[in-house]
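Given next are the chains, with one letter for each unit.
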Amino acid sequence: MIKVNLKTNQWIIIATIVYIVLSIVEFYLKISQVVASYTIYYTYSIFMEALYVLLIFYLISILMFFGEKTAISTAVTMFICIDVMRFIATEWPGKVLSYGLTPTLGILTLVVYIYLLVQFFKVKNSSISLPFRFLGLSFFAVMLIKLVIIIAFPVMADRINQEFNNISSLLIPLSILYILKKVALFIKDKSIELTA
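Glancing now at the overall build of the protein. Counting its regular elements, the protein contains seven helices and zero strands. Seen in sequence order, the protein has helices and strands lined up from the N terminus as α-α-α-α-α-α-α. A separation of at least 24 residues holds for 77% of the contacts in the protein among residues at least 6 apart in sequence. Accessible area of the protein: about 11200 Å², with a carbon and sulfur share of 72%.

Below, the structure is given as structure tokens:
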């Protein structure tokens, strides 16, 4: 696990801001129809996924730091596994995962998102319960937006989801930023109490 302290938290805040800025740049490049080489595209995609997984993984450390139930951390771990599988299926379709697993992966992702939402509402510590609930609702909102696009625009769903995925998905790192700010305040308050 990653140690939760003020310094680590500050580094993760910087990583979250970098992720948000790069997501906005990526959205701008997509709507501008700028095409990158495969090498640049895949390097960038792998970097963004690794950064995203780091941010989500740090949430497990936060949950453990605050003494939350293991079931909540398990839900986050399940999400990380599903997200990495989704990334692989999206970036290398048919090469790593069978094409037949893609619909199953979509259903499994929806189930994990719902489970994650329920678990985030079980966070008890008052310092982080509201931010985690907001994060759970953000995950669910992103999933609902994708489902609505698939249902409303079945022919263009892939293209619309690819172009606007970054903007709707910004809810998640913004929610993580909210959690990180609350953790920083908690750590500062505790250090003031210990020195007093």
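Positive charge collects at one region of the surface, where Lys69, Lys122, Lys124 and Arg133 lie side by side. Here Lys122 is to be found in the loop between α4 (101–120) and α5 (129–152). Relative accessible area serves as the criterion here: at 42%, Lys122 is assigned to the partly exposed category.

Our next topic: the side chain of Ser138. Residue position: Ser138 is located in helix α5. Sequence-distant contacts of Ser138, that is, excluding residues within four places in its chain, are made with Leu171, Ile172 and Ser175.

Moving on, we come to the packing of aromatic side chains. Considering all chains together, one arrives at 13 aromatic pairs under this definition. For the pair Tyr38 and Tyr42, a centre-to-centre distance of 6.2 Å together with 15° between the ring planes defines the contact as stacked. Of the two residues, Tyr38 and Tyr42 are both situated in helix α2 (residues 38–65); the distance of four residues between them amounts to about one turn of the helix. The exposure class of Tyr38 is exposed, given its relative accessible area of 66%.

What follows is about α5. Helix length check: α5, at 24 residues, gives a terminal C-alpha distance of 34 Å against a target of 34 Å (1.5 Å per residue), a fit within 8%. Within α5 the residues assigned to the buried category are Ser129, Pro131, Phe132, Leu135, Gly136, Ser138, Phe139, Val142, Met143 and Ile149.

Here we come to the confidence of the model for the protein. With 87% of its residues at a pLDDT of 70 or more, the protein has an overall mean of 87. Within the protein, helix α6 (residues 157–168) has the poorest average pLDDT of any element, 66, and α2 the best, 93.

Where nonpolar side chains cluster on the molecular surface, the patch consists of Ile17, Val21, Val25, Tyr28, Leu29, Ile31 and Val34 and spans about 620 Å² of accessible area. Structurally, Leu29 is set in helix α1 (residues 6–31).

So, about the nonpolar core. Counting 45 residues, the largest nonpolar core has Ile56, Ile62, Phe132, Leu135 and Phe139 as its most contacted members. At the level of secondary structure, the elements contributing two or more residues to this core comprise α1, α2, α3 (70–91), α4, α5 and α7 (171–195). Broken down by element, this core gets its largest block of residues, 10 residues, from α2.

The next point concerns the packing of α2 against α3. Two numbers describe how α2 lies on α3: the axes approach to 9 Å, and their chain directions differ by 175°. The angle between the axes of α2 and α3 places the two elements in the roughly antiparallel class. Between α2, through Tyr41, Tyr42, Ser45, Ile46, Glu49, Tyr52, Val53, Ile56, Phe57, Ile60, Leu63 and Met64, and α3, the contact on the second element is made entirely by Ile72, Ser73, Val76, Thr77, Phe79, Ile80, Asp83, Val84, Arg86, Phe87 and Glu91. A breakdown of the residues in the contact of α2 with α3 according to their chemical character gives 16 nonpolar, three polar and four charged.

Our next topic: the packing of α2 against α5. At a minimum axis separation of 13 Å, α2 and α5 run at an interaxial angle of 145°. By crossing handedness, the relation of α2 to α5 is classed as left-handed. Contacts from Tyr52, Ile56, Leu59, Ile62 and Leu63 of α2 reach α5 at Phe132, Leu135 and Phe139. Grouping the amino acids of the contact of α2 with α5 by side-chain chemistry returns eight nonpolar, no polar and no charged.

Criteria and cut-off values
Residues numbered from 1 in each chain as written. Predicted model: local features only at pLDDT ≥ 70, side-chain atom pairs only at ≥ 80, totals over all residues. Heavy atoms only, no water. Helix = DSSP H or I, 4+ residues; strand = E, 2+ residues; numbered from the N terminus. Contact = heavy atoms within 4.5 Å. Areas by Shrake-Rupley, 256 points an atom, 1.4 Å probe, with all protein chains shown as cover. Patch = residues over 30% accessible without salt bridge, like charges linked within 9 Å, V, L, I, M, F, W, Y side chains within 5 Å. Salt bridge = Lys/Arg side-chain N within 4 Å of Asp/Glu carboxyl O. Lys, Arg positive; Asp, Glu negative; His and termini not counted. Charge placed at Lys NZ, Arg CZ, Asp CG, Glu CD. Buried < 20%, exposed > 50% of the residue type's maximum accessible area, 1.4 Å probe, protein only. Phe/Tyr/Trp six-rings, centres within 6.5 Å; stacked < 30°, edge-to-face > 60°. Expected span 1.5 Å × (residues − 1). pLDDT = per-residue confidence, 0-100. Core = buried A, V, L, I, M, F, W, Y, C linked by side-chain atoms within 4.5 Å. Axes fitted to C-alpha atoms, helices over the stretch in contact; angles between N-to-C directions. Parallel < 35°, antiparallel > 145°, perpendicular 65-115°, else oblique. Nonpolar A, V, L, I, M, F, W, Y, C, P; charged D, E, K, R; others polar. Left-handed = near helix turned anticlockwise from the far one by under 90°.

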